[in-house]
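# Structural features, examined
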Amino acid sequence: MQAFLFHLGKYFILMWRTFSRPEKWSMYRKRLFDEMVSLGLDSLGIIMVISVFMGAVITIQTAANIDSAFIPTYTIGFTTRQSTILEFSPTIMALILAGKIGSNIASEIGLMRVTEQIDALEIMGVNSSAYLILPKIVAAVLISPFLVIISMFVSIGGGYLIAALTDIVTIANYEYGVQLDFRMYHVVYSLSKSAVFAFIFTSVPAYQGYYASGSALEVGKASTRGVVQSSIIILVVNYFITQIFLI
Amino acid sequence: MIEVNHLSKTFGEKHVLKDINVRFEAGVTNLIIGASGSGKSTLARCLVGLVEPEKGEVLYDGRDFVHMKNKERKAVRKEMGFLFQGSALFDYMTVEENVRFPLDILTSLSSKEKQMRVDQVLERVEMPDVHKLYPSELSGGMKKRVGIARAISPNPKYLFCDEPNSGLDPQTSIVIDGLIREITRENNITTLVITHDMNSVMEIGDFIMFIYKGEKWWEGTNKEMMETDNQEILEFVNAAGMMTRKQQ
């Protein structure tokens, strides 16, 4: 418990330093765009591949679990949309990105720590945490909702493909189900959630990397810790957000 | 000039630096030497503020760096250049971007002026054609030269070099040592070199401070060092493979 509180305190101190006033905005602007490309656009491929199969599987699973003849088949489209928007796109994508981006952030910053690059920044009078971590957090928080929107469309498109390629549901029924009782609030809720998750899967691995010490082996361990911790925190926070905003 | 008064540092129970008093003059290469674990790197880190000492003061031309506020420290840090043991070049930047980085951070020069300065310092370290290369494409010696170029690009008043010859062949070490000495004299800067390389001591040791188990054990020039009968220094020199006149 003492260790947990110690790390929690250290994490908040790091975040405080990270969000302090930058030395030169122009430097941060360039880094922000670089990070948006590296964290966002480079993740587009994996997001699309996972989303299309995710949507396809939700559609098949829903169809396979509807036994009653009294449940209309358009429910498949409705369930695919709801599952995708409320949970799969924001949460599963956050977990995927925690693995991909989180490990990348922890190892990049950790390597900079053990090769004294962070010390070099500090000696030049640069707030190293703000310079290294802030653009990553801001880029991920800004770009993540867009990735989730893309994931939603592609996932629902994956379900559409199943409707088109199989006879478990007609395209018309699937489309009807997808449009049925649509609530914009759910999309807003989902995108807000994705921004919170983005903050978690960038800041937690950044913390682990920033305080890495010793050898490349330690950097690897820090990277693993960053991914595991951010994944767990995402799931816990997801529970609370759902409880607060949907019930 | 850098003056260190009564500097002490402990890590837990361990006394790493014990009441260090020393003065490093400008225009000469000042060497801090000692065995591994003697506290020389910690001393350097205390001097630049990467480690906070428990006691004592570090005066940069009379300005007490230890007891300054952060804002004032930043102003002094702008006058420092640091060459790290592993060069610490930023992996994601080209050589040119690495050298320009301190200029972007610390100066308000125009783009053209920055480019001129980058070209000038890369020329100075005899690396005129590597602007677009990344650190991973450079050899150890080349990285050190670029590290020096980055350290001197904002015209520092104080230059710190941590083990500048570690991992380099003897020939390249001589070149790097020569470069550090020339730059020190040309610009009249206060240079501190942390090393345990006896060749560097002989080549560029204008002023040497020998640190032993966290204490300042001895100070003098390289010539005086060869004359001394201090047992710890003789052991250090002997371990470095040097046969001094006294030992013979």
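In this text, all values refer to a predicted model and were calculated from it rather than measured experimentally. (Residues numbered from 1 in each chain as written. Chains lettered and ligands numbered in written order. Predicted model: local features only at pLDDT ≥ 70, side-chain atom pairs only at ≥ 80, totals over all residues.)

### What about the overall build of chain B?
Counting its secondary structure elements, chain B contains nine helices and ten strands. Oriented by its inertia axes, the alpha-carbon framework of chain B measures out at about 55 × 45 × 30 Å. In chain B, the proportion of contacts linking residues at least 24 apart, taken out of those at least 6 apart, comes to 65%. (Helix = DSSP H or I, 4+ residues; strand = E, 2+ residues; numbered from the N terminus. Contact = placed C-beta atoms within 7 Å.)

### With respect to the overall build of chain A
Looking only at helices and strands, one finds nine helices and zero strands in chain A. Ordered by position from N to C terminus, the α and β elements of chain A give α-α-α-α-α-α-α-α-α. Referenced to the eigenvectors of the C-alpha coordinate spread, the extents of chain A come out at roughly 70 × 40 × 35 Å. For chain A, the proportion of contacts with a sequence separation of at least 24, taken over those separated by at least 6, is 86%.

### Concerning the packing of helix H6 (residues 128-165) of chain A against helix H7 (residues 171-179) of chain A
Residue and element names in this part refer to chain A. Running from N to C, H6 and H7 cross one another at 155 degrees; their axes reach a closest spacing of 9 Å. Between H6 and H7, the angle falls in the class roughly antiparallel. Crossing geometry of H6 relative to H7 is assigned as right-handed. Counted together, Ile156, Gly159, Tyr160, Ala163 and Ala164 of H6 and Ile171, Tyr174 and Val178 of H7 form the full contact between these two elements. For the contact of H6 with H7, a count of residues per class yields seven nonpolar, one polar and no charged. (Axes fitted to C-alpha atoms, helices over the stretch in contact; angles between N-to-C directions. Parallel < 35°, antiparallel > 145°, perpendicular 65-115°, else oblique. Left-handed = near helix turned anticlockwise from the far one by under 90°. Nonpolar A, V, L, I, M, F, W, Y, C, P; charged D, E, K, R; others polar.)

### Describing the environment of Leu133(B)
Mapped onto the elements of the fold, Leu133(B) is located in the loop between helix H4 (111-124) and helix H5 (140-152). For the pair formed by Leu133(B) and Glu97(B), sequence separation is 36 residues and the distance between their alpha carbons is 9.9 Å.

### Some words on the interface of chain B and chain A
Facing 15 residues of chain B, the contacting portion of chain A comprises 13 residues. For the side of chain B that touches chain A, the elements supplying multiple residues, two or more each, are helix H2 (70-77), strand S6 (80-83) and helix H3 (95-106) of chain B. Among the elements that line the side of chain B that touches chain A, the one with the most residues is H3(B), at four residues.

### What about the sheet that holds strand S4 (residues 55-60) of chain B?
All names here are of chain B. The strand order S2-S1-S4-S5 describes an open sheet built from four strands, whose pairing is antiparallel. Strand pairing shows two members of the sheet lacking a second neighbour, strand S2 (14-24) and strand S5 (63-64), which therefore form its edges. When S4 meets S5, the two strands line up antiparallel, connected through two bridges. Counterpart to Tyr60 in the pairing with S5 is Arg63. Helix H1 (residues 40-48) contacts strand S1 (2-11), S2 and S4 of the sheet and is inclined by roughly 65 degrees relative to S2. (Pairing = 2+ DSSP bridges.)

### Overview of H4(B)
Helical geometry: 3.6 residues make up each α-helical turn, so side chains three or four residues apart lie on a common side. All names here are of chain B. Spanning 14 residues, H4 covers 20 Å between terminal C-alpha atoms, matching the ideal 20 Å at 1.5 Å per step. Arg117, Val118, Val121 and Leu122 are the residues of H4 that are buried. Burial along H4 is one-sided: seen end-on, the buried residues are contained in an arc of 125 degrees. Away from its buried face by more than 90 degrees, H4 exposes Lys112, Glu113, Met116 and Glu123. At its buried positions, H4 is contacted by H3 and H5. Positive phi appears at Glu126, one or two residues downstream of H4, with a value of about 60 degrees. (Expected span 1.5 Å × (residues − 1). Buried ≥ 20, exposed ≤ 12 C-beta atoms within 10 Å, placed from the backbone. Arc of directions from axis to C-beta.)

### Observations concerning the confidence of the model for chain B
All names here are of chain B. Per-residue pLDDT for chain B has a mean of 89; in total, 97% of the residues score no lower than 70. Under a pLDDT of 50 for its full length, residues 243-248 has, in the predicted model, nine contacts with residues more than four places off or in other chains. Two numbers describe this predicted complex: its pTM, 0.86, and its ipTM, 0.84. (pLDDT = per-residue confidence, 0-100.)

### Side note on the nonpolar core
Ranked by size, the top nonpolar core spans 115 residues in total, and within it Phe201(A), Ile32(B), Phe82(B), Ala149(B) and Phe160(B) carry the most contacts. The contacts of Phe82(B), once residues within four sequence positions are left out, are Ala120(A), Ile123(A), Val48(B), Ala151(B) and Phe160(B). (Core = buried A, V, L, I, M, F, W, Y, C linked by C-beta atoms within 7 Å.)

### A word on unusual backbone geometry
Despite not being glycine, Asp181(A) has its phi angle at roughly 50 degrees, a positive value. Position of Asp181(A) among the secondary structure elements: in the loop between H7 and helix H8 (184-210).

### So, the pairing of strand S9 (residues 207-212) of chain B
Residues and elements named next belong to chain B. Of all six residues making up S9, five are buried, and the element is well covered by its neighbours. In terms of strand pairing, S9 meets strand S10 (residues 215-220) through five bridges, oriented antiparallel. If you follow Ile211 over to S10, its bridge partner there is Lys216. Following S9, the chain reverses through two residues before pairing antiparallel with S10; Lys213 in that reversal takes a positive phi of roughly 45 degrees.

### A few points about the sheet that holds S6(B)
All names here are of chain B. If you walk across this open sheet you meet the six strands as S6-S7-S8-S3-S9-S10, and the pairing is mixed. What marks the edges here is a single partner per strand, and that holds for S6 and S10. Here the average twist between neighbouring strands, direction ignored, is 20 degrees.

### Section: the packing of H6(A) against H8(A)
Residues and elements named next belong to chain A. Relative orientation of the contacting elements H6 and H8 amounts to 150 degrees, with a least axis distance of 8 Å. Relative to H8, the element H6 lies roughly antiparallel. Crossing of H6 against H8: the hand is right-handed. Of the residues in H8, those in contact with Ser129, Ile133, Lys136, Ile137, Ala140, Val141, Ser144, Pro145 and Val148 of H6 are Ser190, Leu191, Ser194, Ala195, Ala198, Phe199, Thr202, Ser203, Ala206 and Tyr210.

### Thoughts on helix H9 (residues 216-246) of chain A
Residue and element names in this part refer to chain A. Taking 1.5 Å as the rise per residue, H9 with 31 residues should run 45 Å; its terminal C-alpha atoms sit 44 Å apart, in good agreement. Along H9, the positions that sit buried rather than exposed are Val219, Ala222, Ser223, Gly226, Val227, Gln229, Ser230 and Ile234. Summarising the contacts, the buried residues of H9 are in contact with helix H4 (74-114) and H8.

### With respect to the environment of Cys161(B)
All names here are of chain B. Considering the arrangement of structural elements, one finds Cys161 in strand S7 (residues 158-162). Each C-alpha atom, one on Cys161 and one on Glu235, is 24 Å from the other, the two residues being 74 residues apart in sequence. Contact partners of Cys161, with chain neighbours within four places excluded, come to Leu83, Ile180, Thr191, Val193 and Ile194.

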